[in-house]
Structure formats: C-alpha cells, structure tokens
Amino acid sequence: MKRTLSQETLQEITSRLEFAHKAFQRRYPGPTGARQPVHTVYGGAHLYRAETPRRLGELALESLDEFAPDFASFAKAIALPGADRLPDSSGAAAAIAKSIESNPDAARKEMRPAWFAHTIFRRVREKLQREPVEDFRIDFEDGYGNRPDAEEDAHAASAADEVAAGMNSGELPPFLGIRIKPFTEELRERSIRTLDIFLTELAAKSRGKLPRNFVITLPKVTLPDEVAALADICSRLEPMLDLDPAVLRIELMIETTQSIFNERGEANLLPLVSAARGRCIAAHFGTYDYTAGRSITAAYQDMTHFTCDFAREMMQVALAGTGIWLSDGATNILPVAPHRAPKDGPPLTAAQAAENRAAIHRAWKLHFDHIHHSLVNGYYQGWDLHPAQLPTRYAAVYSFFLEGLDAASERLRNFIAKAAQATLVGEVFDDAATGQGLLNYFLRAINCGAITSEEAEPLTGLTMAELRTGSFVKILAGRRA
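Participant: Please clarify how a nonpolar patch on the surface should be interpreted in this entry.
Facilitator: On the surface, a nonpolar cluster with roughly 310 Å² of combined accessible area is contributed by Phe-261, Phe-306 and Phe-310. Here Phe-306 is to be found in helix 13 (residues 306-319). Relative accessible area serves as the criterion here: at 63%, Phe-306 is assigned to the exposed category.

Participant: Help me understand the nonpolar core in this model?
Facilitator: For soluble globular proteins, nonpolar side chains are generally found buried alongside one another. Ranked by internal contacts, the top residues of the largest apolar core, which has 128 residues, are Ile-138, Phe-198, Leu-252 and Trp-364. For this core, the element with the most residues is helix 15 (residues 390-403), which contributes nine residues. Excluding its chain neighbours within four sequence positions, the residues that come into contact with Ile-138 are Gly-43, Ala-45, Tyr-48, Ala-159, Val-163, Leu-176, Gly-177, Ile-178, Arg-179 and Phe-198. Counting residues in each nonpolar core, the second largest holds five residues, with Phe-175, Val-215, Ile-281 and Trp-325 among its members.

Participant: It is not clear to me how the packing of aromatic side chains should be interpreted in this structure. Could you clarify?
Facilitator: Using the criterion set out here, one finds 15 aromatic pairs in the structure. Relative to Trp-383, the ring of Tyr-42 lies with its centre 4.6 Å away and its plane at 40°, an arrangement referred to as tilted. Of this pair, Tyr-42 sits in strand 1 (residues 39-44) while Trp-383 sits in strand 8 (residues 382-384), and the two are 341 residues apart along the sequence. In this structure, Tyr-42 and Trp-383 share a single accessibility class: buried. Both rings, one in Tyr-441 and one in Phe-442, keep their centres 5.4 Å apart while their planes meet at 75°; by these two values the pair is edge-to-face. For Tyr-441, a relative accessible area of 14% translates into the label buried. You can call Phe-442 buried: its relative accessible area is 0%. Put simply, the rings of Tyr-380, Phe-400, Phe-401, Tyr-441 and Phe-442 pair up and form one aromatic cluster. Arg-147 extends its terminal NZ or CZ atom over the ring of Tyr-144, reaching a point 4.3 Å from the ring centre.

Participant: Hey, could you run me through the sheet that holds strand 7 (residues 325-327) in this one?
Facilitator: Adjacent strands of a sheet pair through backbone hydrogen bonds, lying either parallel or antiparallel. What the eight strands build is an open sheet, ordered 7-6-5-4-3-2-1-8; its pairing is parallel. Among the strands making up the open sheet, the edge pair consists of strand 7 and strand 8. Pairwise comparison of adjacent strand axes, ignoring direction, gives a mean angle of 25° for this sheet. As paired strands, strand 1 and strand 8 are joined by three bridges and run parallel to one another. Counted as the bridge partner of Val-41 is Asp-384 from strand 8.

Participant: I would appreciate a short explanation of the pattern of salt bridges in the present structure.
Facilitator: Should the charged atoms of two oppositely charged side chains come close, the side chains can pair. Scanning the model with the defined rule gives 39 salt bridges in all. Residues participating in the shared-partner salt-bridge network are Asp-139, Glu-141, Asp-142, Arg-179, Lys-220 and Asp-289.

Participant: What exactly am I supposed to notice about the environment of Arg-393 here?
Facilitator: For Arg-393, the location among the structural elements is in helix 15. Taking the C-alpha atoms as reference, Arg-393 lies 16 Å from Thr-304; in sequence the two are 89 residues apart. Sequence-distant contacts of Arg-393, that is, excluding residues within four places in its chain, are made with Val-38, His-39, His-367, Ile-371, Gln-381, Gly-382, Trp-383 and Asp-384.

Participant: Would you explain the packing of helix 14 (residues 350-376) against helix 15 in this entry?
Facilitator: Any two packed helices are characterised by the angle at which their axes cross and by the distance between the axes. With their axes 9 Å apart at the nearest point, helix 14 and helix 15 run at an angle of 40° to one another. Between helix 14 and helix 15, the crossing angle belongs to the class labelled oblique. Here helix 14 and helix 15 pass one another in a crossing that is right-handed. Contacts between helix 14 and helix 15 involve Trp-364, His-367, Phe-368, Ile-371, His-372, Leu-375 and Val-376 from the first element and Thr-392, Arg-393, Ala-395, Ala-396, Val-397, Ser-399 and Phe-400 from the second.

Participant: Looking at this model, I keep getting lost on the pairing of strand 3 (residues 175-179). Mind explaining?
Facilitator: Successive residues of a regular strand alternate their side chains across the two faces of the sheet. A large share of strand 3 lies buried, amounting to five of its five residues. Side chains Phe-175, Gly-177 and Arg-179 project from strand 3 onto one buried face, and the interleaved Leu-176 and Ile-178 project onto a second face that is buried too. Bridge analysis of strand 2 (residues 135-139) against strand 3 gives five bridges, and the strand direction is parallel. Paired with Asp-139 across the strands is Arg-179, a residue of strand 3. Where the polypeptide runs from strand 2 across helix 7 (residues 149-169) and back to strand 3, its parallel neighbour, the crossover connection is right-handed. Inspection of the sheet shows strand 3 paired to strand 4 (residues 214-218) by four bridges, in the parallel sense. Bridging across to strand 4, Gly-177 finds its partner in Val-215.

Here is what the cut-offs are and how they apply
- Residues numbered from 1 in each chain as written.
- Predicted model: local features only at pLDDT ≥ 70, side-chain atom pairs only at ≥ 80, totals over all residues.
- Heavy atoms only, no water.
- Patch = residues over 30% accessible without salt bridge, like charges linked within 9 Å, V, L, I, M, F, W, Y side chains within 5 Å.
- Areas by Shrake-Rupley, 256 points an atom, 1.4 Å probe, with all protein chains shown as cover.
- Salt bridge = Lys/Arg side-chain N within 4 Å of Asp/Glu carboxyl O.
- Helix = DSSP H or I, 4+ residues; strand = E, 2+ residues; numbered from the N terminus.
- Buried < 20%, exposed > 50% of the residue type's maximum accessible area, 1.4 Å probe, protein only.
- Core = buried A, V, L, I, M, F, W, Y, C linked by side-chain atoms within 4.5 Å.
- Contact = heavy atoms within 4.5 Å.
- Phe/Tyr/Trp six-rings, centres within 6.5 Å; stacked < 30°, edge-to-face > 60°.
- Lys NZ or Arg CZ within 6 Å of the ring centre and 35° of its normal.
- Pairing = 2+ DSSP bridges.
- Axes fitted to C-alpha atoms, helices over the stretch in contact; angles between N-to-C directions.
- Parallel < 35°, antiparallel > 145°, perpendicular 65-115°, else oblique.
- Left-handed = near helix turned anticlockwise from the far one by under 90°.
- Right-handed = clockwise from strand over helix to strand, strands pointing away.

Take a look at the structure:
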C-alpha cells in the first residue's frame, strides 16, 4: 500500500514517544507482586518486647476462648452470612463441627453457612497460633506521647535491644518498623534523635543488619521537604552504620489535609512519595487526625465517614500503578470488657458477664464492618490497636476472599485457558487488566492465609511457581513457550 509518511520522517516523533513511555513506566511500574501485610499493629515503644507479637496472639486467643469459644458464637458476633441459622448451643455447634471435619467437601455443598463459619474460625485460630501479627510498628508518636529526653533516649535504646533479641530468637513478625515523631519545628530534633539512637544501637548489636521488611514511618506529613529530609538522613546513616545502601525504607502517614492538596491546590500525594527518592514503599491513612483536621467533631470521626472515603480515593487515584502500598486506618472503639473481677474478690455476676460479652461482640462487629468497607474499596491493609482486634481482622479478610473464591476461580481458569482473549463468564466481562487483578486476588488470599497453596493450584489451574511470578503476562508467555 502507498504511504505518505516514511519511517525516517516519523523517527523524531516516535523517539519522543518512546522516551515518554519509558519515563511513564518508571513512574508507574505497577504492583511488585511482593507480599503486603493485611494489617499493622501499633504499640507504644516503652512497652515493646521481643515476645510482644507472640504475646498478642496469646491474648487474642484468650479473648476468643472467653467470648466466642466455638465457630457458631463467633459467626453470630460478626454476622457472617447465614450465622442466624447456626445453633446457640455449644454442644450443637461441637456436633456440627465434628461433622464438617469428617467430610468438609460434603459440608461445603450441603450446609454452606456452617462450613463457611467453621472454616473461618478454624483458620483464624491457626493464624493466631502461627503468625498472630504480620506487621508491628514500634511507636514513638501518638502511642507513646511526649516524655523527657532522657526517658525517650532510654526507650529508643531498649527498643533496639528488644528488636535485636527478636532477630536472634526468630520471634519478629514478617514486617516491622518504627514510627518516629513528625518533622514539625517543635518535634523534628526529637524525632531525628530517636531514630538515630534506635538505628545506632540496633546496627551495633546486629552487625549492620536490619530485620527483614523494616520501615520508618513518618507521621503528619505536610510537605515534600519533610520527606526529602528523612531520605537525606537515611542516606547519611546507612554508610556510617555499615548498612546496605537504600535499605532504610520510608512509610508516609497521610493524615493532614495538606498531604492531599498543597498550598497551590494541587494534588500533593505523588510529590510526597517522589521526595523520598525511591525509598517510600507505603502510604497509611490516619483517620482521626485527618477528620479532626477537617473540623469533624469526635462523635462523628468514623472510618466510614464520607470525608475519609474522599481522602482514600485521592490516595488511590494519585498513587495507582506506582507500586506504593496503601493502608487504611484503625477502629478506635476497642473490644474491651467494661467489668473485671477483682483479683482476690468475688467473680462477676451473670449480668456483668453478659454485659462484657455484648460489649466485646459490638466492638468486634464494628471492627469487622470497617475492615470489610476497606476491602471493598481496595484497601487490603489497616491498623489494629488491641490484641482482641486480631480475630476480627483475620475473620474479615478471610471471609472477603472466601466469599468470592468460587467466582474468581472460574474466571481465572477461563482466562488462562483462552490465553488472555476476552472472556465472558456469566454476565461479567474480563479483559487483560482483570486477569492481573484476579491473579493479585489469589496472591493476597494465599499470603494472608485465607487459602493454602495446595488449595490454590486446583482452583486456579496454575502452579505455585506461576502464581509467585506475580505477573499475568509472564504466566501467559511461559505457557505459550
């Protein structure tokens, strides 16, 4: 066919476009495929010990044993689908549990609500025994407060001692970090001093090694200059402490209105992340500081408030494709019983025990609903503040993945079978981006323990090696080869 434009005349235009696309891909590399924790547990630095994660799991199991000792009572507390049809009697629940365990495949088909509740309850308990905390943040900010310099210096050093001890004993969670104070004029010097002491003590005790997946959380960020300053400090500390280059990674707290929009009315999120010069791996939303900054009174500062949805949507749109992990905030109504029996006094009355149970169940249901709201809106991580929130964290995450498991499995198998051609399953239309999304769904479900690797292979039609590539394109290329 005849053409007017030759390749030579188009060279300059296509070269510019190629350069622009490469720059775009560097800025928006997409998901890394690495495991993202489903939560971050915050705890005051003065209380942190090497055994803290394990102890939190023990306390979480104690709360289940006391307030939801069987799968039916737990399902009713958090209102799992079909929970209203489960028995109230612990004896009847035990009989159903025995039947499910003897033939889970038949139970899944014939009494799905009971199978679903039992599966979640069993996997939650197993998770609390095996890996109760996925991510822990040693907190020198809101969970610690302002203390005399000598006291904070001592706690920074002792926290480093405990982390080093946890590294030696193998008790650290998969993800760990420290939250320093903000880089405001009033607190900047104290914040830097704490970070310096902590890292100096830790590097000395660990011979220049950090825990895996270690991160520094910078709260109440308003300016890219604050992030750049922390990146500069990290760059100076690494060679002086004999740490690997770029090993100190940063996490930003998005909890001020200025972190959403700058003084010129421009979206500020990407400039904040860019100021870290490749060190930023995550952005966490701070519900209560943000709503307070919006002049919302305490009674209405809630995870599901519209102003929080707006801020979270801004975070998602601004940072989509960058590979930055996003985390939601915390539920601040905690599952704490209002009555406690005196150490050497009489036991609680029946009425007091009932009030305790009702209070715990209300807090569990609220926490469960908040997590589900986050998951539906694409936030797969959030904060937890109390050990009794761990059961509902995992229950919410597991139920979210298990409820959609059958449909996601069918869609992914069909997509793979037709080698990335558009596929119509029922009334849901899949394209290539959805194929990657389905793959991410299974990776998240496996990483958090909602399903096992052995379950994933027949469900997806993929090997674990293929799943772990994290790339739908690579899987298809491998199969074509």
